[in-house]
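Listed here are the chains, written in short residue letters.
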Amino acid sequence: MERIDLNRVDEIIDRYSGEEGVLIQLLLDLQSEFNWIPREAIARISERLHVPKSQIYRIASFYKAMSLIPIGRHVIQVCLGTACQVRGAPRIMSRIKESLGIEEGETTPDMRFTLRRVNCLGCCAMGPVVVVDGEYHGKVTPSDVKEILERYT
Ligand code: FES
């Protein structure tokens, strides 16, 4: 896995130097800088702020906005709720997996996409639904997949 630039981690820590109770904000900043919270960054925070690593991991696992595993630049959510399943969502999921060469929950090695399954996005009439970075694509067919993916570089 690609090594992270610890200078960038230090710059973020320096923003909050000397302040109390900044751990959550600091971790959110790291998340937006790297798109996840790397293990090396946690070790650096622990060392510089004298906070136990276990406390940092506890916070990072609790907040949904933080990820302890690498996330791609674009997050694809494929709805596999009942209505979308009936309308062909499994074929859409298979086509996306095949195109990207990854399974559900995985990220492409170039960090371009992370693929997730969700259950009902509340817009069943648009099914099958695929959401990329919060952008909804409705009535998706397997032949639409290539064009949708190409929009996100
Ligand atoms: S089942 Fe997919 S949006 Fe409801």
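The numbering scheme is per chain: residues are counted from 1 as the chain's sequence reads. With the structure being a predicted model, the display of local features is reserved for residues of pLDDT at least 70 and the display and counting of side-chain atom pairs for 80 or more, all residues being used for whole-chain, interface and lining totals. Hydrogens and waters are ignored; side-chain quantities use all the structure's heavy atoms.

Novice: Tell me about the pattern of salt bridges, and please be specific about residues and values.
Specialist: Salt bridges are identified by distance alone: a Lys or Arg side-chain nitrogen within 4 Å of an Asp or Glu carboxyl oxygen. For the structure on display, the rule yields 10 salt bridges. Across the salt bridge formed by Asp-29 and Arg-15, the nearest N and O atoms sit 3.0 Å from each other. Of this pair, Asp-29 sits in helix H2 (residues 23-34) while Arg-15 sits in helix H1 (residues 6-15), and the two are 14 residues apart along the sequence. Under the scheme applied here, a residue whose accessible area is under 20% of the maximum for its type counts as buried, over 50% as exposed, and between as partly exposed, the area being computed with a 1.4 Å probe on protein chains only. On the basis of relative accessibility, which here comes to 48%, the residue Arg-15 falls in the partly exposed class. Across the salt bridge formed by Lys-97 and Glu-104, the nearest N and O atoms sit 3.9 Å from each other. When salt bridges with common partners are traced through the structure, they connect Asp-10, Asp-14, Arg-44 and Arg-48 into a single cluster. Segments assigned H or I by DSSP are reported as helices when at least four residues long, segments assigned E as strands when at least two residues long, and all are numbered from the N terminus.

Novice: Can you explain H1? Please cite residues and give values.
Specialist: Taken residue by residue, H1 has Val-9, Asp-10, Ile-12 and Ile-13 as its buried positions. Burial along H1 is one-sided: seen end-on, the buried residues are contained in an arc of 160°. More than 90 degrees from the buried face of H1, the exposed residues found are Asn-7 and Glu-11. Here the arc refers to the directions that run from the helix axis out to each C-beta atom.

What is shown is where atoms sit, not what they do.
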